[in-house]
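# Working through the structure, step by step
Here are the chains, one letter per residue:
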Amino acid sequence: MSAQILDGKALAEQIRSEIKEQVAAFVAETGLTPCLAVILVGNNAASEVYVRNKQVACEKIGIKSEMYRLPETTSERELLTQIDMLNRNDAVHGILVQLPLPKQMNEQNILDAIIPEKDVDAFHSDNVGRISQGRPRFLPCTPYGIQELLIRNHIATAGKHAVIIGRSNIVGKPMALLLVQKGCGGDATVTICHSRTPDIAAMTRQADILIVAIGQAKFVTADMVKPGATVIDVGMNRTEEGLVGDVDFSAVKEIAGAITPVPGGVGPLTVTMLLLNTLTAAKNFKNCRQL
Ligand SMILES: NC(=O)c1ccc[n+]([C@@H]2O[C@H](COP(=O)([O-])OP(=O)(O)OC[C@H]3O[C@@H](n4cnc5c(N)ncnc54)[C@H](OP(=O)(O)O)[C@@H]3O)[C@@H](O)[C@H]2O)c1
């Protein structure tokens, strides 16, 4: 029997309509409009698309978005100055620096310059530390979206073996942190694989939940998947066939119990969780001002 297709697009729309209502209630109650500032440095074509998607998504649900474009030749100091201005601006609640950055910049220096209270991507060292301690201020958008997808589709994580391929700071590592936390959407036993893991297939065949985030088209084949497993495909690879994931979808869906498509799986949820984090940042700002 073919797997249940986990429709991230439909779920994202549902969550966005929930956030839209919450934004309207927040504006009515406080007179404040949540605002996300997005900084784009250089002319990376994929980044242009991601940033535009984020802006459109904000506008549709009543979050204000401000765009700051800086040239490819921008120095780290100039970018830090821009971030400092936004940190001090009380009308801006969330700040996002679109990655990747030009090579003259130290990425973590830049991410750590955003004050943690406005770090809606949750990449600041302080926020990463809080997540690892189970007391997050924000959750990183892609793992947060995946956890929400699992919870809302009633896919249990407690006591399950989750195998993650990929150990990036954006997806793999924070995903492991969320799944291993105590409580709803957590309590899993987690294995992380990467390019130095020998015999990855032996690991993935043990997975009740398999999450793949490596950026290699159709890397996971049907023989690597345990029958009935949940397969979450984070990969986005532009190929001659169009956009494809890290999982060989048409073959794996015949083995898996549930699977996300690409496109229409994890991607729309990532942007959705950014919207939720921006609303949370605005609420936290309002609460601080009342103390
Ligand atoms: N849908 C979304 O919203 C969303 C969000 C973020 C990323 N993505 C996509 O997800 C993919 C991963 O993104 P990322 O930022 O996490 O990537 P990344 O920073 O490039 O990290 C890739 C990870 O995959 C591992 N890896 C690469 N090739 C491998 C192989 N053959 N076997 C085992 N491990 C391998 C690397 O191992 P080493 O550490 O050993 O090098 C690394 O840990 C990309 O396609 C990206 O576009 C999608």
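Computed from a predicted model, the values in this text were never measured in an experiment.

The rules behind each value
- Residues numbered from 1 in each chain as written.
- Predicted model: local features only at pLDDT ≥ 70, side-chain atom pairs only at ≥ 80, totals over all residues.
- Heavy atoms only, no water.
- Near = heavy atom within 4 Å.
- Polar contact = N/O pair within 3.5 Å; in protein donor to acceptor, adjacent residues only side chain to side chain.
- Areas by Shrake-Rupley, 256 points an atom, 1.4 Å probe, with all protein chains shown as cover.
- Helix = DSSP H or I, 4+ residues; strand = E, 2+ residues; numbered from the N terminus.
- Nonpolar A, V, L, I, M, F, W, Y, C, P; charged D, E, K, R; others polar.
- Pairing = 2+ DSSP bridges.
- Axes fitted to C-alpha atoms, helices over the stretch in contact; angles between N-to-C directions.
- Contact = heavy atoms within 4.5 Å.
- 1 Å grid on protein atoms, 1.4 Å probe; cavity = no way out; pocket = protein on both sides within 12 Å on 5 of 7 lines; lining within 4 Å.
- Points joined across faces, edges and corners; volume = space filled by probe spheres on them.
- Domains from an automatic or database assignment.
- Parallel < 35°, antiparallel > 145°, perpendicular 65-115°, else oblique.
- Buried < 20%, exposed > 50% of the residue type's maximum accessible area, 1.4 Å probe, protein only.

Neighbouring residues of the ligand: 20 residues in total, closest Arg167, Ser168, Ser195, Met236 and Thr270. Arg167 is positioned such that a nitrogen or oxygen atom in its side chain is 2.7 Å from an oxygen atom of the ligand. In this structure, Val234 approaches the ligand through a main-chain N or O atom, which is 3.5 Å from a nitrogen atom. For the ligand, whose free accessible area comes to 930 Å², the fraction covered by protein is 71%. Sorting elements by how many residues they give to the shell around the ligand places helix H10 (residues 266-290) first, with 3 residues. Tallied by class, the residues present in the shell around the ligand amount to 9 nonpolar, 10 polar and 1 charged.

This brings us to the sheet that holds strand S2 (residues 35-41). Pairing in this open sheet of 3 strands is parallel, and the strands run S3-S2-S4 from one edge to the other. The open sheet has two edge strands, strand S3 (64-70) and strand S4 (94-97), and neither has a second partner. Strand after strand, the sheet turns through a mean of 15° between neighbouring axes, direction not considered. Of the pairings in the sheet, the one linking S2 to S4 comprises 4 bridges and is parallel in character. Paired with Val38 across the strands is Leu96, a residue of S4. Sheet contacts for helix H2 (residues 45-61): S2, S3 and S4; angle to S3, the most-contacted strand, approximately 160°.

So, on to the layout of surface pockets. Taken as a whole, the largest pocket spans an internal volume of roughly 1,400 Å³. Forming the boundary of the largest pocket are 50 residues, of which Tyr50, Thr142, Met236, Gly267 and Thr270 lie nearest the centre. Sorting the residues of the lining of the largest pocket by element identifies helix H1 (8-30), H2, S4, helix H6 (141-152) and H10 as the ones contributing at least two each. Top element by residues in the lining of the largest pocket is H2. It accounts for 11 residues. Each residue belonging to the lining of the largest pocket can be placed in one class, and the counts come to 28 nonpolar, 12 polar and 10 charged. Two domains each donate at least three residues to the lining of the largest pocket, and these are domain 1 (33-115) and domain 2 (141-267). Within this model, the second largest pocket holds a volume of roughly 260 Å³. Forming the boundary of the second largest pocket are 15 residues, of which Gln108, Phe123, Val128, Asn169 and Ile170 lie nearest the centre.

With that settled, the discussion passes to the packing of H1 against H6. Running from N to C, H1 and H6 cross one another at 95°; their axes reach a closest spacing of 11 Å. Comparing their axes, H6 and H1 come out roughly perpendicular. Side by side, H1 and H6 meet where Gly8, Leu11, Gln14, Ile15 and Glu18 of the first sit next to Glu148, Leu149 and Arg152 of the second. Along the lines of polarity and charge, the residues of the contact of H1 with H6 split into 3 nonpolar, 2 polar and 3 charged.

Right, let's get into unusual backbone geometry. Of the consecutive residues Leu99 and Pro100, the connecting peptide bond is found in the cis state with omega at 0°. Following the sequence through the fold, Pro100 ends up in the loop between S4 and helix H4 (107-113). The amide bond that connects Val262 to the next residue, Pro263, takes the cis arrangement and shows omega of 0°. Position of Pro263 among the secondary structure elements: in the loop between strand S11 (258-259) and H10. Backbone geometry at Asp199 places phi at a positive 50°, although glycine is not the residue there. Phi at Lys218 is positive, roughly 55°, even though this residue is not glycine. Checked against the element boundaries, Lys218 lands in the loop between strand S7 (209-212) and strand S8 (230-233). Judged by relative accessible area, Lys218 falls into the partly exposed class, the value being 33%.

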